Amino acid sequence: MSMIVDHINYIYARDTENPVYALKDICLTIPDGQFIGVIGHTGSGKSTLMQHLNGLLKASTGSIYFNGEDIYDKGYDLKKLRTRVGLVFQYPEHQLFAETVFADVCYGPKNLKLEKQEVELRAYDALRKVGFPEELFFTSPFDLSGGQKRRAAIAGVLAMRPEILILDEPTAGLDPKGRDEILDQIKKLQTKENMTIILVSHSMEDVAEYVDRIVVMNDGEVFLDNTPKEVFGHYKELEKIGLAAPQVTYIMNGLYERGIPVSTEATTISEAADEIMRVFNKSNN
Ligand SMILES: Nc1ncnc2c1ncn2[C@@H]1O[C@H](COP(=O)(O)OP(=O)(O)O)[C@@H](O)[C@H]1O
Ligand SMILES: [Mg+2]
């Protein structure tokens, strides 16, 4: 069970004088249960790629296979694909519309023609999984804070019980506390539910702490695809395409260049602290 993206290209405004080559020869394998961060500056093709993964956009050329089946085959059920590969759009709260949060989250499973009890069960479950406060289940989505709206919108997609959950910039516009809370909840979906997570972000700091793998997009192409440690090791190349490694990478490399024998591989603050202490304790012995 996995998703394979096989040499896809996508061109916007194809038959006009100004076609946009948004995706160029993209190849990716997405195994079950992985947490993947997709990074790239604005316009690099991240959102376009995500809309291919759940079949909203169809590649100009190339193929996508989900669990061994070609999603572009005649008769392939794209509607079903969209429930199995859930996509949370950027600023999803703009799509909240029902009278209560609960009714909004019920909307997706209701459309799957499930029994009322199952629909409601899924809605409760999804809202709990995103840490949405129970006392607000039956308030209007329009009375919520930004972070709560975002959670409600994510719950709406989770209630479909997708196997792959794609989140397009889920922390955009949130304060650091709201950001960390949402990312922590998303991480739990991977570790506790074994869900495959694809998180789009333009911030390395955001993804460094959480993901198993980073796909760096640049100008419609996959620029790097590797573990965070490997990707951040290329921080000088990342800078050339307008991105930066997390601050930790710069601190560790800075120490190393000044003659302190730390390993520069740490990608999180706690790893960096441990490594600095290791070297510090060693030199004191
Ligand atoms: N609907 C559209 N029509 C024409 N060009 C588009 C459309 N949507 C996106 N693009 C262009 O495609 C490229 C990739 O955009 P996008 O996938 O939104 O990038 P990202 O999500 O990384 O910011 C950009 O050059 C963007 O301007
Ligand atoms: Mg985008």
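Up top you'll find the structure we're talking about.
Residue numbers run consecutively from 1 along every chain, following the written order of its sequence. In the order they appear in the text, chains get letters beginning with A and ligands get numbers beginning with 1. Local features in a predicted model are, by the rule used here, given only for residues with pLDDT of at least 70; side-chain atom pairs are given and counted only at 80 or more, and totals for whole chains, interfaces and linings are based on all residues. Derived side-chain values reflect all non-hydrogen atoms in the structure, with water molecules and hydrogen atoms excluded from consideration.

Let us look at the sheet that holds strand β3 (residues 35-39). Strand pairing follows a simple DSSP-based rule, namely that at least 2 bridges must link the two strands. Every helix listed is a DSSP run of H or I at least four residues long, and every strand listed is a run of E at least two residues long, numbered separately from the N terminus. Taken in spatial order, the 6 strands line up as β6-β7-β8-β3-β9-β10 in an open sheet, and their pairing is mixed. The sheet terminates laterally at β6 (85-88) and β10 (221-226), the two strands that pair on one side only. Taken over all neighbouring pairs, the strand axes of this sheet differ in orientation by 15 degrees on average, direction set aside. Note: β6 against strand β7 (residues 164-168), 4 bridges, orientation parallel. Angles run from 0 to 180 degrees between N-to-C directions of axes, and those axes are lines fitted to C-alpha atoms, restricted for helices to the stretch in contact.

This part covers the sheet that holds strand β4 (residues 61-66). The antiparallel open sheet is built from 4 strands, whose spatial order is β2-β1-β4-β5. Both outer strands of the open sheet, β2 (20-31) and β5 (69-70), are each paired with one neighbouring strand and no more. Examined bridge by bridge, β4 and β5 share 2 bridges and lie antiparallel to one another. Looking across to β5, one finds that Tyr-65 is bridged to Asp-70.

We now examine the pattern of salt bridges. Salt bridge, as used here, is a side-chain nitrogen of Lys or Arg placed within 4 Å of a carboxyl oxygen of Asp or Glu. Inspection of the entire model under this criterion finds 15 salt bridges. Glu-163 is the partner of Arg-84 in a salt bridge, and the nearest nitrogen-oxygen pair spans 2.6 Å. With Arg-84 in helix α2 (residues 78-84) and Glu-163 in the loop between α5 (146-158) and β7, this residue pair connects regions lying 79 residues apart in the sequence. The class of Arg-84 is partly exposed, set by a relative accessible area of 23%. Relative accessibility decides the category of a residue: with a 1.4 Å probe and only protein chains considered, values under 20% of the type maximum give buried, values over 50% give exposed, and everything between is partly exposed.

Looking now at the site of ligand 1. Nearness is judged by heavy atoms alone; a residue qualifies as near a molecule or strand once a single heavy atom is within 4 Å of it. With respect to spatial proximity, the complete set of residues near ligand 1 consists of Tyr-12, Val-20, Ala-22, His-41, Thr-42, Gly-43, Ser-44, Gly-45, Lys-46, Ser-47 and Thr-48. A distance of 3.2 Å separates an oxygen atom of ligand 1 from a polar atom in the backbone of Ser-44. A distance of 2.5 Å separates an oxygen atom of ligand 1 from a polar atom in the side chain of Thr-48. Contributions of two or more residues to the shell around ligand 1 are made by β2 and α1 (46-53). At 3 residues, the largest contribution of residues to the shell around ligand 1 is made by α1. Class assignment for the residues of the shell around ligand 1 results in 3 nonpolar, 7 polar and 1 charged. Under this definition, polar contacts are N or O atom pairs within 3.5 Å; protein pairs additionally need one hydrogen-donor-capable and one acceptor-capable atom, and for neighbouring residues in sequence, both atoms have to be side-chain atoms. Polarity classes work like this: nonpolar for Ala, Val, Leu, Ile, Met, Phe, Trp, Tyr, Cys and Pro, charged for Asp, Glu, Lys and Arg, and polar for all others, with Gly in that last group.

Okay, the environment of Val-231 next. Here Val-231 lies in helix α8 (residues 228-233). Using a relative accessible area of 1% as the deciding quantity, one classes Val-231 as buried. In sequence terms Val-231 and Glu-118 are 113 residues apart; their C-alpha atoms lie 43 Å from each other. The contact criterion used is simple: two residues touch if any of their non-hydrogen atoms lie within 4.5 Å. If near-sequence neighbours (up to four positions away) are discounted, Val-231 is found in contact with Ile-214, Val-216, Leu-224, Asn-226 and Leu-238.

Let us now look at the side chain of Thr-268. With respect to the helices, strands and loops of the structure, Thr-268 is situated in the loop between α10 (247-257) and α11 (269-284). Here Thr-268 falls in the buried class, since its relative accessible area comes to 9%. With residues near it in sequence (within four places) discarded, Thr-268 still touches Ala-208, Glu-209 and Val-248.

With that out of the way, let us pick up the packing of helix α4 (residues 116-129) against α5. Running from amino to carboxyl end, α4 crosses α5 at an angle of 135 degrees, the nearest separation of the two axes being 8 Å. It follows from the interaxial angle that α4 and α5 lie oblique. Two packed elements cross with a definite hand, and for α4 against α5 that hand is right-handed. Residues Ala-126, Leu-127 and Lys-129 of α4 pack against Ala-152, Ala-155 and Leu-158 of α5. Looking at side-chain class alone, the contact of α4 with α5 contains 5 nonpolar, no polar and 1 charged residues. Orientation is classified from the angle alone, with under 35 degrees giving roughly parallel, over 145 giving roughly antiparallel, 65 to 115 giving roughly perpendicular, and any other angle giving oblique. Here a crossing is called left-handed whenever its near helix is offset anticlockwise from the far helix by less than a right angle, and right-handed whenever the offset is clockwise.

Okay, the packing of aromatic side chains next. Between 30 and 60 degrees the pair is tilted, below 30 it is stacked and above 60 it is edge-to-face, where a pair is any two Phe, Tyr or Trp rings, Trp via its six-membered ring, whose centres lie within 6.5 Å. A complete count under the given rule lists 8 aromatic pairs for this structure. For the pair Phe-132 and Phe-137, a centre-to-centre distance of 6.1 Å together with 35 degrees between the ring planes defines the contact as tilted. Like Phe-137, Phe-132 is buried. Among the aromatic residues, ring-to-ring pairing joins Phe-102, Tyr-124, Phe-132, Phe-137 and Phe-138 into one connected group. Whether a charge lies above a ring is judged from NZ of Lys or CZ of Arg, which has to be within 6 Å of the ring centre and within 35 degrees of the ring normal. Lys-58 extends its terminal NZ or CZ atom over the ring of Tyr-72, reaching a point 4.8 Å from the ring centre.

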